[in-house]
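# Structural overview
Residues per chain are reported as follows:
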Amino acid sequence: MLASVTAAYDSDLTDEEWDLIFPLIPLHPPRGNDPTISKREIVNAIFYVNKHGCTWRGLPHDLPKWQTAYSYFRRWTKAGVWDEINATLRDAVRLKEGKATEPTAAIIDSQSVKTTEKGGYMGMTQARKSMAASDTSWSIR
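Residues numbered from 1 in each chain as written. Predicted model: local features only at pLDDT ≥ 70, side-chain atom pairs only at ≥ 80, totals over all residues. Heavy atoms only, no water.

### Focus: the pattern of salt bridges
We count it as follows: A pair is scored as a salt bridge if a Lys or Arg side-chain nitrogen falls within 4 Å of a carboxyl oxygen belonging to Asp or Glu. Only protein chains enter the calculation, and the probe is 1.4 Å; a residue is then buried if its accessible area is under 20% of its type maximum, exposed if over 50%, and partly exposed in between.
Here the structure, examined in full by the defined rule, presents four salt bridges. As a salt-bridge pair, Arg90 and Asp91 come within 3.8 Å of each other at their nearest N and O atoms. Note on Arg90: relative accessible area 39%, which makes it partly exposed. Between Lys99 and Glu97 there is a salt bridge, with the nearest N and O atoms lying 3.5 Å from each other.

Here it is in structure tokens:
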């Protein structure tokens, strides 16, 4: 039996949001015990950490244990689940706005384009001239 939702946080998924990402959450592996914590609560715990910037150990006690939430987060990160969720939601937003799922243009910011081998202003700064190379003599007589 899965644990029920006990408290609502501002980072919790709505039913509509859960319906969008639920198909993208991996199924429980065929081996091992059946899960006792709902995947929705695990996602809510992960979103809580993300939104509030707390540590994993700082999760409220009514959310799944931090070790459980972190374990799922790591596993899903390695499996590319978050990338797939992001891509699916991005495509849905673009379609809702009447746009194609893939952008047709890109902008390259001049600040992010590599300009020199050394980078930055190093390649553009003039070298200093040494006093020895100067034609002006500074000796005192």
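Next, the rest of the story.
### Focus: the nonpolar core
Stated precisely, the cut-off is as follows: Here, nonpolar core means buried Ala, Val, Leu, Ile, Met, Phe, Trp, Tyr and Cys residues that are tied together by side-chain atoms lying within 4.5 Å of each other. The secondary structure listing takes helices from DSSP runs of H or I that are at least 4 residues long and strands from runs of E that are at least 2 residues long, numbered from the N terminus. Whether two residues are in contact is decided by their heavy atoms, any of which lying within 4.5 Å being enough.
With 20 residues, the main nonpolar core has Val43, Leu59, Trp76 and Ile85 as its most contacted residues. Secondary structure elements with two or more residues in this core: α1 (15-21), α2 (39-52), α3 (66-78) and α4 (81-96). In terms of residue count, the dominant contributor to this core is α2 (six residues). With residues near it in sequence (within four places) discarded, Val43 still touches Leu13, Trp18, Ile21, Ile25 and Trp76.

### Comments concerning the packing of aromatic side chains
How two aromatic rings sit relative to each other is set out by the distance from centre to centre and by the angle between their planes. Cut-off, in case you're wondering: Pairing of aromatic side chains here covers Phe, Tyr and the six-membered ring of Trp, requires ring centres within 6.5 Å, and sorts the geometry by plane angle: under 30 degrees stacked, over 60 edge-to-face, intermediate tilted. Only when the NZ of Lys or the CZ of Arg is both within 6 Å of the ring centre and within 35 degrees of the ring normal is a charge said to sit over the ring.
In this structure the tally under the stated criterion is eight aromatic pairs. For the ring pair Trp18 and Phe22, a centre distance of 5.4 Å and an interplane angle of 55° mean the geometry is tilted. A relative accessible area of 11% places Trp18 in the buried class. According to the relative accessible area criterion, Phe22 is partly exposed, its value standing at 48%. A centroid spacing of 5.4 Å and a plane angle of 45° characterise the contact between Trp56 and Phe73, whose relative ring orientation is tilted. You can see Trp56 sitting in the loop between α2 and α3 and its partner Phe73 sitting in helix α3, a full 17 residues away along the chain. Classification of Trp56 as buried rests on a relative accessible area of 17%. With a relative accessible area of 28%, Phe73 lands in the partly exposed category. Above the ring of Tyr72, the side-chain terminus of Arg75 is found at 4.8 Å from the ring centroid.

### Describing α2
Just so we agree on the cut-off: Multiplying one less than the number of residues by 1.5 Å gives the expected span of a helix.
Across its 14 residues, α2 extends 20 Å between first and last C-alpha, which sits within 8% of the 20 Å expected from 1.5 Å per residue. When you tally the buried positions in α2, you get ten out of 14 residues, the bulk of the element. For α2, the full list of buried residues reads Lys39, Arg40, Glu41, Ile42, Val43, Asn44, Ala45, Ile46, Tyr48 and Val49. Among the structural elements, α1, α3 and α4 are those in contact with the buried residues of α2.

### Regarding the packing of α2 against α3
Under the convention used in this document: Angles here are taken between N-to-C directions and fall from 0 to 180 degrees, while the axes themselves are lines fitted to C-alpha atoms, restricted in helices to the stretch in contact. Note that the term roughly parallel is reserved for angles under 35 degrees, roughly antiparallel for angles over 145, roughly perpendicular for angles of 65 to 115, and oblique for everything else. Only Asp, Glu, Lys and Arg are considered charged in this grouping, and only Ala, Val, Leu, Ile, Met, Phe, Trp, Tyr, Cys and Pro are considered nonpolar; every other residue, Gly among them, is considered polar.
Where α2 contacts α3, the axes come no closer than 9 Å and their chain directions differ by 90°. Taken as axis vectors, α2 and α3 run roughly perpendicular relative to one another. Between α2, through Lys39, Ile42, Val43, Ala45 and Ile46, and α3, the contact on the second element is made entirely by Thr68, Ala69, Tyr72, Phe73 and Trp76. Looking at the contact of α2 with α3, its residues break down into eight nonpolar, one polar and one charged.

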